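The chain contents come next:
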Amino acid sequence: AALRARVREDLVARKKQEVDQQVSQAVLDKALIENPVVLPEVLVEQEIRHRLEDMVRRMYMQGVDPEKVELDWKQLREQQEEPARKSVHARMLLDSIAKLEEVEVTPKEVEERMRHDAQSMGQKYDEFKKRLKEQGGTEVVRSQMVRERSLDLLTAVANIQNEE
């Protein structure tokens, strides 16, 4: 009975998280449509390159040599352009909201997130933190957390307006 209750709680929590993510994504999509901007092509190109590098990294992690697989890299690149544009636009919008609303995270909160991430990846925190710092990742984590908070703020405002 206890196991059943715990499984049920986990399923309910996952479903709530999925719904929350869908609501946040819908709010973000609407905000992007209502706030068009000219995207710096250099940022779009960087995002496309980053996405392709991630794809190659995942292939290697799965034991697949990308050089031995017949891939149409031009087509893959083209497929990544629109999602990259959306991602850059979202980052710019959320960064603007963070600046306007003075959204911040503390160093302690960043450290807690890194501890959580290390644990979820089954890595020792000190090694994870060291590797992250070497790659400039601590600032990436902080920026991501600020963007998440900005999206939470945007979603809360949208939900309040929907309730009125």
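Here is a short report on the structure shown in this document. (Residues numbered from 1 in each chain as written. Predicted model: local features only at pLDDT ≥ 70, side-chain atom pairs only at ≥ 80, totals over all residues. Heavy atoms only, no water.)

## Side note on the environment of T138
Thinking step 1. Structurally, T138 can be placed in helix α6 (residues 137-163).
Thinking step 2. Residues T138 and V110, spaced 28 residues apart in sequence, show a C-alpha to C-alpha distance of 7.7 Å.
Thinking step 3. Filtering out sequence-adjacent residues up to four positions away, T138 remains in contact with V110, M114, L132 and K133. (Helix = DSSP H or I, 4+ residues; strand = E, 2+ residues; numbered from the N terminus. Contact = heavy atoms within 4.5 Å.)

## A closer look at the pattern of salt bridges
Thinking step 1. Scanning all chains against the criterion turns up 14 salt bridges.
Thinking step 2. Across the salt bridge formed by E111 and R115, the nearest N and O atoms sit 3.1 Å from each other. In this pair, E111 and R115 both sit in helix α4 (residues 107-120), 4 residues apart, roughly one turn of the helix.
Thinking step 3. Each of E41, E81 and R85 takes part in a single network of salt bridges with overlapping partners. (Salt bridge = Lys/Arg side-chain N within 4 Å of Asp/Glu carboxyl O.)

## Section: the layout of surface pockets
Thinking step 1. Of the volumes computed, that of the largest pocket is approximately 660 Å³.
Thinking step 2. Lining the largest pocket are 18 residues, and of these H50, D54, L132, V140 and V141 lie nearest its centre.
Thinking step 3. Elements represented by at least two residues in the lining of the largest pocket include exactly α2 (41-61), α4, α5 (125-134) and α6.
Thinking step 4. Ranked by residues supplied to the lining of the largest pocket, first place goes to α6 with 6 residues.
Thinking step 5. Residue composition of the lining of the largest pocket, grouped by class: 5 nonpolar, 6 polar and 7 charged. (1 Å grid on protein atoms, 1.4 Å probe; cavity = no way out; pocket = protein on both sides within 12 Å on 5 of 7 lines; lining within 4 Å. Points joined across faces, edges and corners; volume = space filled by probe spheres on them. Nonpolar A, V, L, I, M, F, W, Y, C, P; charged D, E, K, R; others polar.)

## A short note on the nonpolar core
Thinking step 1. With 12 residues, the main nonpolar core is built from A98, V103, V105, V110, M114, A118, Y125, F128, L132, V141, M145 and V146.
Thinking step 2. At the level of elements, α4, α5 and α6 are the ones that each hand at least two residues to this core.
Thinking step 3. V146 has contacts with A98, V103, E104 and V105, leaving out every residue within four places of it along the chain.
Thinking step 4. Core analysis: the next-biggest nonpolar cluster, separate from the first, contains 11 residues, L28, A90, I97 and L151 among them. (Core = buried A, V, L, I, M, F, W, Y, C linked by side-chain atoms within 4.5 Å. Buried < 20%, exposed > 50% of the residue type's maximum accessible area, 1.4 Å probe, protein only.)

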